[in-house]
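# Examining the three-dimensional arrangement
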Amino acid sequence: MKLSIQHFPSLALIFLIVTMGCTTLEAQENKLVDSLQNQLQKVKADTLKVELLNELAWTLSRREFDKALQNATAALKLAKKINYTSGIIVSNDRIGYIYQNKGESYKAIPYHQEALKLAKKIKDDYSVARASSYVALAYKDIGKARESIPFFQESLKMFKQLNKKTPAAQVSNNLGAAYRMIGENQLALQSYMESLEIREELNDTLGKAAIYLALGLYYHDNRNYSLAKDYYLKAARIYKNSDKSYDLAKVYHNLGLTHIAQKNYDEALEYLNQSLALKNRIGTEDNLAFLLNTLGYAFFCSKQETKALQYYQKSIQLAQKTKDKRGLAAVYNNMGILLRTQGQTDESIYYFKQALNLSRQISEKIFELEALSGLYKVYARKGDYPQSQIYVEAYIALRDSLELDYREAGNDKEMYNQKTLKGKDRQIKEIELAKLTAENQQKTFFIYALVVGILFLITLLYSTIRTYRSRQASVLARKKLEEKQQEIDKLLMDQELKSLGAMIRGQELERKRIAQDLHDRLGSLLSVVKLNFKAIDKNLQEVKAHNEKQYNQAYELLDKACDEVRKIAHNMVSGVLKKFGLISALEDMKNTIETTEMIQIQLHDSGFENERLDASMEIAIYRIIQELVSNALKHAEANELTIQLVKSKDNLNIIVEDDGKGFDLQTKDIESLPSMGLKNIYSRIKELNGELNIDSHINKGSTIIIDIPI
């Protein structure tokens, strides 16, 4: 069973957690820039000028990218001209570092690799260690964490040999982050702890704070939010005592994200507002658009949609100003979700499409996946099922592609699970067959129990009339909801008996025999009982006068019992699902339920024209949809229900959407849901190796999306 991105709200938001940032005050940088520029005017075109240009590029590299790149490029050109190899190495590293800060790490890799090549050529171990670390960081930044690990390991080994403990601690921290990205949690934790040990040995308080922040991220990713908050608070205390406002703002931001993950929205807003106040005080716009987006999301989660919209708009304005395409893609997705929740489908589509275009421009697959998910949901809600199908297929294709990339990157555990699953296909089918047989036996037992119950009721009523026992007829007034639920249960039970009566091979003759017995033997018995009632009716007028209400009620119950026997006999020999397939059975269920005039059902299907599904799968899918329809009728109080089935070559997508009262999904772990109905649905989907996504809000209806491999 997979829990895709659709099981957690706005995972792209959490994906943007900030882990690095500039802590040098702008005023100090300006003084250093002025000093370096004055020195450059006084030196000749020699090695000293190369070093000054590189130092100036380094100082500007975090806030004035173009000027920094201009100075680093000039240093490289001069170093090559005077054949200054060490200067060439540093200049290449500076250019690569600037591209990384600009968010263009793919451009940085060739420069760092050139620096590494030259450093190895002249056997400069420190430069080799530094360049290896830069290559690794660039690979990690573009999502190739596994490729980064050998370079991090080489860098760490060299720094240890050189007894350079501070850079060794930093590389070990970055190595932990790379392991965390590929799911190697144990190795990640070991690297973080090694870095922390070095920082403690050096009594490097600020270095320890950086590790605490990394450990907070590690435990956040592993949903151990209590430990995550503990490490964040340790980092916060250090940064607060050291007057590191920028880093403290970053920690408060991450604390806010952790509280959002725990649905502690008041605490989240408190920390996020503290982060915003610190950023405003020091006058930085670094990651400010992301922070405003997070604030908007926190307000959205706490049902304050007006404030959420305000902060999303502020985030969009700032991201547009700073040309932050990544930040824009994230906030556009969140705007789409907000507007879809408010029923503004056209506006929601606009923002999701903006997010989709930007995500593809910058190759952010996570944001692209979220945009596709939003589009197929909003088109389904709008009733435009052809468009919804287009985005459903694109979503599934991208999701499968990402999962394939992840497995090919070396996720051994996932690969093992997949191979084990394929190797047990026969066992799984045998288990499913055994389950179906057991369920069939339970149905047969239920029918026998129903017959015995009817006989007991008839005997009790007949005995009551014969012995002239006067009983007070009191029928408690049933609530409207209970009557509705009983009617729904009866409809669904009848529908299930009718559709599943002839499904399991080997049971057809036994069921026909039961139906024949019901009709010939029990039916005859009921007819005799009814004749006896008529005899009593003629001879016992005094009884009727004395207890007429009870008598009439008993007579009506007997008529109903006769009708029920005929219905059971009829239903037992029907088999719509077996004879005509899943779609015909669903049409039959739809028509049956619509006769109650309680709800209107729309059924759309695609891809079922050529061949049917496996019989056992049709049974399971029918039961899943039947359970969803039952939930919509019993709990959602819906007026309209839409069922959409799209069958492709190797996948079946099911969307069931209602306009009912919705619900607040309290947990991201579907297996711990409080609702027994949803647990049953989840269990059936899990048996089919499928995926379940739930999108529901109070008074906004519900959308259930199911993907099943076929």
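Residues numbered from 1 in each chain as written. Predicted model: local features only at pLDDT ≥ 70, side-chain atom pairs only at ≥ 80, totals over all residues. Heavy atoms only, no water.

The next subject is the overall build of the protein. Scanning the protein for helices and strands turns up 29 helices and five strands. For the protein, buried positions account for 50% of its 710 residues. Considering only intrachain contacts with a sequence separation of at least 6, the fraction spanning at least 24 residues in the protein is 65%. Of the roughly 36,000 Å² that the protein leaves accessible, carbon and sulfur atoms contribute 50%. (Helix = DSSP H or I, 4+ residues; strand = E, 2+ residues; numbered from the N terminus. Buried < 20%, exposed > 50% of the residue type's maximum accessible area, 1.4 Å probe, protein only. Contact = heavy atoms within 4.5 Å. Areas by Shrake-Rupley, 256 points an atom, 1.4 Å probe, with all protein chains shown as cover.)

On to the pattern of salt bridges. Taken as a whole and assessed by the stated rule, the structure comprises 22 salt bridges. As a salt-bridge pair, Glu64 and Lys67 come within 3.3 Å of each other at their nearest N and O atoms. The partly exposed category is assigned to Glu64, whose relative accessible area is 25%. For Lys67, a relative accessible area of 48% translates into the label partly exposed. The partner of Glu154 in a salt bridge is Lys120, and the shortest N-O contact between them spans 3.4 Å. With Glu154 in helix α8 (residues 145-161) and Lys120 in helix α6 (residues 105-121), this residue pair connects regions lying 34 residues apart in the sequence. Residue class for Lys120 comes out partly exposed when judged on its relative accessible area of 43%. By sharing partners, the salt bridges in this structure join Arg399, Asp400, Glu691 and Asp707 into a single network. (Salt bridge = Lys/Arg side-chain N within 4 Å of Asp/Glu carboxyl O.)

Further remarks concern the packing of aromatic side chains. Following the criterion strictly, the structure yields 16 aromatic pairs and no others. With a centroid separation of 5.1 Å and an interplanar angle of 80°, the aromatic rings of Tyr350 and Tyr351 are classed as edge-to-face. Pairwise contacts between aromatic rings join Tyr192, Tyr212, Tyr218, Tyr219 and Tyr231 into one cluster. Seen from the ring of Tyr212, Lys234 lies directly overhead, with NZ or CZ sitting 5.5 Å from the centre. Across from the ring centre of Phe608, 5.8 Å away, lies the NZ or CZ of Lys647, which sits over that ring. (Phe/Tyr/Trp six-rings, centres within 6.5 Å; stacked < 30°, edge-to-face > 60°. Lys NZ or Arg CZ within 6 Å of the ring centre and 35° of its normal.)

In any sheet, the strands associate via hydrogen bonds between backbone groups, in a parallel or an antiparallel arrangement. Strand order in the open sheet formed by five strands is β1-β2-β3-β5-β4, and the pairing between neighbours is mixed. Two strands bound the open sheet, and with one partner strand each, they are β1 (600-606) and β4 (691-696). Pairwise comparison of adjacent strand axes, ignoring direction, gives a mean angle of 10° for this sheet. Pairing geometry for β4 and strand β5 (residues 702-709), over six bridges, is antiparallel. Paired with Asp695 across the bridge in β5 is Thr703. Against the sheet, helix α27 (residues 582-594) makes contact with β1 and β2 (640-647), and its axis sits at roughly 170° relative to β1, the strand it touches most. (Pairing = 2+ DSSP bridges. Axes fitted to C-alpha atoms, helices over the stretch in contact; angles between N-to-C directions.)

Let us now look at the nonpolar core. Phe152, Tyr192, Leu215, Tyr219, Tyr232, Val251 and Tyr252 are the most contacted members of the largest nonpolar core, which totals 80 residues. For Tyr232, the residues in contact, after removing those within four places along its chain, are Tyr212, Leu213, Gly216, Leu217, His220, Val251, Asn254, Leu255 and Thr258. Judged by nonpolar contacts, the second largest core, of 53 residues, contains Leu288, Ala298, Phe352 and Leu398. (Core = buried A, V, L, I, M, F, W, Y, C linked by side-chain atoms within 4.5 Å.)

By the criterion of burial, β2 is predominantly enclosed, with seven of the eight residues buried. Sheet topology places β1 next to β2; seven bridges connect them, and they run parallel. Note that in β2 the partner of Gln602 across the bridge is Thr642. Taking the sense of rotation as the criterion, the β-α-β connection linking β1, helix α28 (residues 615-636) and β2 turns out left-handed. Two strands pair when backbone bridges link them, and β2 and strand β3 (residues 651-658) are joined in this way by seven bridges, in the antiparallel orientation. In the strand pairing of β3, Val646 is matched with Asn653. Hairpin connection, β2 to β3: the antiparallel pair is bridged by three residues. (Right-handed = clockwise from strand over helix to strand, strands pointing away.)

Next up on the list: unusual backbone geometry. At Lys303, a position not held by glycine, the phi torsion is positive, near 70°. Here Lys303 shows up in the loop between α15 (288-301) and α16 (305-321). The backbone of Asn689 sits at a positive phi, close to 60°, despite the residue not being glycine. Within the secondary structure, Asn689 sits in the loop between α29 (676-687) and β4. Taking the relative accessible area as the measure of exposure, Asn689 reaches 32% and is therefore partly exposed.

Turning next to the pairing of β4. Most of β4 sits inside the fold, with six of its six residues counted as buried. On β4, burial covers both faces: Glu691, Asn693 and Asp695 on one face and Leu692, Ile694 and Ser696 on the other are all buried.

Now for helix α19 (residues 365-382). With 18 residues, α19 extends 26 Å between its outermost C-alpha atoms, agreeing within 8% with the 26 Å of an ideal straight helix rising 1.5 Å per residue. For α19, the buried fraction is high: 14 of the 18 residues fall into the buried class. Downstream of α19 by a residue or two, Gly383 has a phi angle that is positive, lying close to 95°. (Expected span 1.5 Å × (residues − 1).)

A word on the confidence of the model for the protein. Mean pLDDT over the protein works out to 78, with 71% of the residues at or above the 70 mark. Here residues 410-441 is modelled with pLDDT under 50, and outside its nearest four sequence neighbours on either side it reaches 20 contacts, counting other chains as well. Confidence drops under pLDDT 50 across residues 500-506; counting only partners more than four residues distant or on other chains, this segment forms 18 contacts. (pLDDT = per-residue confidence, 0-100.)

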